[in-house]
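Inside the fold
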Amino acid sequence: MDNYLEMKDINKTFSGNKVLHHIDFGLKLGEIRALMGENGAGKSTLMKILGGIYPKDKNTGQIFIDGKAVEINSVEDAKKYGIAIVHQEISLVNEMTVYDNLFMGDELSTGSGLFLDDREMIRRAQEIIDELKVNIHVQRKVKSLSIAQQQMVEICRALLFNAKIIVMDEPTSSLTGREIDELFSQLQRLKSAGLGIIYISHRMEEIFRISDSITILRDGRLIGTKPMSGLDHDSVIQMMVGRDLDKYIRHSESLCPGNVCLTVKHLSNQKIHDISFDLRAGEVLGFAGLVGAGRSETARAIFGIDPVQEGEIFIDQKRVSIKNAADAIRSGIGYVPENRKEEGLILDNTVAFNLTISILEQFIHWIHVDKAREHKTIGEYSNKLSIKMSSPDQRIKYLSGGNQQKVVVSKWLATHPRILILDEPTRGIDIGAKTEIYHLIVEMARSGVAVILISSEMEEILSLCSRVVVMYEGKVTAVLDEEETENVTQEEIMWYASGRVKNEAE
Ligand SMILES: Nc1ncnc2c1ncn2[C@@H]1O[C@H](COP(=O)(O)OP(=O)(O)OP(=O)(O)O)[C@@H](O)[C@H]1O
Ligand SMILES: [Mg+2]
């Protein structure tokens, strides 16, 4: 057998709901394989079976490693066979040091076996980190690292136990362009060192940049595995969704913004400096910039989550004082945060509950959601965004990553605030549902809602926004008006996003 890894006839059923049907998946060492498919297609589940996190259905399927049939019943088993998974959600322990995390479960002891051999663990950990040429001190606590660095630690953990196959589940969703480049050169390095890599992503350009071959799942079924050469974007989309999608549309052209409804003047705090801009009713105002540029921090300051040290906020020309989220909501502002796991969802509750308790109710008790409205909302949005679930009463933690995201976004779209701040609303969302979210955003703006769209996807910004604010290191470097955004290129926005200031030293 040529393939190092061979999964044959894998099936998976969760309480009667079959989510993987007869999947075959093979991988060679030295190969980078993209694994693609719409939200809920079964990508993470297939990889969790490989990683020993979920058992496959009994009496079906087999997994071969290096030609030998193996049983993978636990994470330990998977480790033994050289399989490491870097999950969609990073699983390091924040309060612990990097080396503690690296050796967790496999701590080294001193000769006597009585004590942990911290010195040796630190030495070995630093050795592996240095091998990857990343600049991380292993005695630092994980919480002080950026997401990119945390991911590197996860990769190091895999290398520490001599992994042969590394699975990366949407690794770039929170990385900056430069960090993505760095990750990709690491992956190339690992590939040349003879590892096999399975790479899950919804970002088409990445797939074409990094992978040798691609496996596509749709609705729990294998559509096929093909070499990348000879494929183009359209053919991949076609395989993934089974139909052609809308081509790039300039949605912003169909909007007619009205009066200014939000004015932000000289807003500053520890993270942002002197932010000023206007937002009009019926407008989608883009916030472009790199991860870490201060866009989310601006949103958090406006929404009253982070304190404001200086500056003023006006709604309909009247100065408002927003000290917390409840104040913001009362002033008609809604906010879909970037980090939905922590700020947007109650994981142990049902989809229905999460969709309909708008965060509003946690703050303002007079808003009452009746059952009829609840069902209408669920029906409407689960249809529009094709939220994949077994029923509205399913607990949300059992939905796929992208489908959880759709619930959070829907929840806010359904509350119709006057001003809505969307922070990376389509992150982790598949290409079909993205188009639907764009339509919903435009529909809202047409009905007069003022929308702030923070996005790292330039196409998304240029398609939806008539004006764009660009930020860099906590400051606004450019505000592009309608005429300018019509003619602006992605490269120009990138200049401003990397620090060039508009109208300065031209
Ligand atoms: N623990 C679980 N219990 C019940 N159902 C589950 C569980 N984990 C996943 N599922 C279901 O299995 C299906 C496949 O989910 P999976 O997470 O594998 O999708 P995915 O392809 O990774 O999607 P995404 O791109 O959104 O991450 C979904 O319908 C999901 O709701
Ligand atoms: Mg997933």
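Residues numbered from 1 in each chain as written. Chains lettered and ligands numbered in written order. Predicted model: local features only at pLDDT ≥ 70, side-chain atom pairs only at ≥ 80, totals over all residues. Heavy atoms only, no water.

1. Quick notes on the overall build of the protein
Note the cut-off: Secondary structure elements follow DSSP: runs of H or I of four or more residues count as helices, runs of E of two or more count as strands, with numbering from the N terminus. It is over C-alpha atoms that the radius of gyration is taken, and the globule rule equals 2.2 Å times the number of residues to the power 0.38. We call a residue buried when its accessible area falls under 20% of the maximum for its residue type, exposed when it is over 50%, and partly exposed in between, using a 1.4 Å probe and counting protein chains only. Here, two residues are considered to be in contact whenever any of their heavy atoms come within 4.5 Å of each other. Each accessible area is a Shrake-Rupley result for a 1.4 Å probe, and residues are judged covered by the shown protein chains and nothing else. Counted as positive: Lys and Arg. Counted as negative: Asp and Glu. His and the chain ends are not counted at all. A single reference atom marks each charge: NZ on Lys, CZ on Arg, CG on Asp, CD on Glu.
Check the secondary structure of the protein and you find 19 helices and 20 strands. The C-alpha radius of gyration of the protein comes to 24 Å, within 12% of the 23 Å expected for a compact globule of 506 residues. Burial analysis of the protein (506 residues in total) assigns 52% to the buried set. Looking at the protein alone, contacts between residues at least 24 apart form 67% of all its contacts between residues at least 6 apart. Here the protein displays about 22,700 Å² of accessible surface, and carbon together with sulfur accounts for 48% of that area. Averaging the locations of the 60 positively and 73 negatively charged side chains of the protein gives two centres separated by 4 Å.

2. Regarding the site of ligand 1
Quick reminder of the rule: Whether a residue is near a molecule or strand depends on its heavy atoms: it is near if one of them lies within 4 Å of it. Pairs of N or O atoms within 3.5 Å make up the polar contacts considered here, provided that, within protein, one atom can donate a hydrogen while the other can accept it, and that residues adjacent in sequence are counted only when both atoms are side-chain atoms. Throughout, the ten residues Ala, Val, Leu, Ile, Met, Phe, Trp, Tyr, Cys and Pro are labelled nonpolar, Asp, Glu, Lys and Arg are labelled charged, and all others, Gly among them, are labelled polar.
The environment of ligand 1 is made up of 22 residues, and the closest members are Gly40, Lys43, Thr45, Ser400 and Gly402. Between ligand 1 and Lys43 there is a distance of 2.7 Å, counted from an oxygen atom to a side-chain nitrogen or oxygen. A distance of 2.8 Å is found between an oxygen atom of ligand 1 and a side-chain nitrogen or oxygen belonging to Ser44. Out of a free accessible area of 640 Å², ligand 1 has 93% covered by protein chains. Of all the secondary structure elements, the ones that give two or more residues to the shell around ligand 1 are helix H1 (43-50) and helix H15 (401-415). Broken down by class, the residue content of the shell around ligand 1 amounts to six nonpolar, twelve polar and four charged.

3. With respect to the sheet that holds strand E14 (residues 310-315)
Stated formally: The rule for pairing is simple: two strands pair if DSSP sees at least two bridges between them. Lines fitted to C-alpha atoms define the axes here, with helix axes fitted over just the stretch in contact, and angles between the N-to-C directions of these axes take values from 0 to 180 degrees.
With respect to topology, four strands assemble into an open sheet ordered E12-E11-E14-E15, the strand pairing being antiparallel. Since the sheet does not close on itself, it has two edges, and those belong to strand E12 (275-280) and strand E15 (318-320), each with one partner. Strand-to-strand twist in this sheet, taken as the mean axis angle between neighbours without regard to direction, amounts to 20°. Where strand E11 (residues 260-268) lies against E14, five bridges are found, and the strand directions are antiparallel. Residue Lys265 lies in a different strand from E14, and its bridge partner there is Glu312.

4. Looking at unusual backbone geometry
Residue Ser15 is not a glycine yet carries a positive backbone phi of 30°. In this structure, Ser15 sits in the loop between strand E1 (5-14) and strand E2 (17-27). You can call Ser15 exposed: its relative accessible area is 82%. Here the phi dihedral of Asp66 falls at roughly 55°; this positive angle occurs in a residue that is not glycine.

5. Focus: the pattern of salt bridges
What counts is decided by this rule: Within this document, salt bridges are pairs made up of a side-chain nitrogen of Lys or Arg and a carboxyl oxygen of Asp or Glu, the two lying within 4 Å of each other.
For the structure on display, the rule yields 25 salt bridges. In this structure, Glu120 and Arg123 form a salt bridge, with 3.0 Å as the shortest nitrogen-oxygen distance. Within this pair, Glu120 and its partner Arg123 are both found in helix H4 (residues 118-131), separated by three residues, close to a single helical turn. Among the residues examined, Glu120 registers a relative accessible area of 25% and is labelled partly exposed. The exposure class of Arg123 is partly exposed, given its relative accessible area of 43%. Glu283 is paired through a salt bridge with Arg280; the nearest N and O atoms lie 4.0 Å apart. Glu283 gets classed as buried once you look at its relative accessible area, which sits at 0%. For Arg280, a relative accessible area of 22% corresponds to the partly exposed category. Residues joined by salt bridges that share partners form a network here, namely Arg280, Glu283, Arg467 and Glu482.

6. A look at the confidence of the model for the protein
Note the following rule: Confidence scores labelled pLDDT are given residue by residue by the predictor and lie between 0 and 100.
Averaged over every residue, the pLDDT of the protein is 87; the share at 70 or more is 93%. Note that pLDDT drops below 50 for residues 362-367; the model gives that stretch nine contacts with residues more than four away or on any other chain.

7. Thoughts on the packing of aromatic side chains
For the record, the criterion: Aromatic pairs are defined between Phe, Tyr and Trp rings, using the six-membered ring for Trp, whenever the two ring centres lie within 6.5 Å; interplanar angles under 30 degrees are classed as stacked, those over 60 as edge-to-face, and all others as tilted. Charge-over-ring placement is defined geometrically: NZ (Lys) or CZ (Arg) within 6 Å of the ring centre, and within 35 degrees of the ring normal.
The tally for this structure, following the rule as stated, stands at four aromatic pairs. When the centroid spacing of 5.3 Å and the interplanar angle of 50° are considered together, the rings of Phe303 and Tyr335 count as tilted. Residue Phe303 is located in the loop between helix H9 (295-302) and E14, and its partner Tyr335 is located in strand E16 (residues 333-336); the two are separated by 32 residues in the primary sequence. We note that Phe303, like Tyr335, is buried. Across the ring face of Phe14, the terminal group of Lys12 is positioned such that the distance to the ring centre comes to 5.0 Å. Here Arg33 stacks its cationic end above the ring of Phe25, 5.1 Å away from the centre of that ring.

8. Some points on the nonpolar core
We apply this condition: By nonpolar core we mean a set of buried residues, namely Ala, Val, Leu, Ile, Met, Phe, Trp, Tyr and Cys, connected to one another through side-chain atoms within 4.5 Å.
Leu262, Phe277, Val284 and Ile333 are the most contacted members of the largest nonpolar core, which totals 77 residues. The element contributing the most residues to this core is helix H16 (residues 431-446), with eight residues. One finds Met36, Ile129, Ile155 and Ile214 within the second-largest nonpolar core, a separate group that totals 53 residues.

9. As for the sheet that holds strand E20 (residues 475-480)
If you walk across this open sheet you meet the six strands as E16-E17-E18-E13-E19-E20, and the pairing is mixed. The sheet is open, and its two borders are formed by E16 and E20, each paired with just one other strand. Each adjacent strand pair in this sheet contributes to an overall mean axis angle of 20°, direction not counted. Both strand E13 (residues 284-288) and strand E18 (residues 450-454) contribute to a ladder of four bridges, which runs parallel. Across the sheet, residue Val284 finds its bridge partner in E18, namely Val451. Helix H19 (residues 490-497) rests against E13, strand E19 (467-472) and E20 of the sheet, and its axis sits at about 40° to E19.

10. A few points about the pairing of E2
Every other side chain in a regular strand lies on the same face of the sheet, so the side chains alternate between the two faces. As paired strands, E1 and E2 are joined by seven bridges and run antiparallel to one another. When the bridges of E2 are listed, Glu6 appears paired with Gly26. Two successive antiparallel strands, E1 and E2, enclose a turn made up of two residues, where Ser15 displays a positive phi of approximately 30°.

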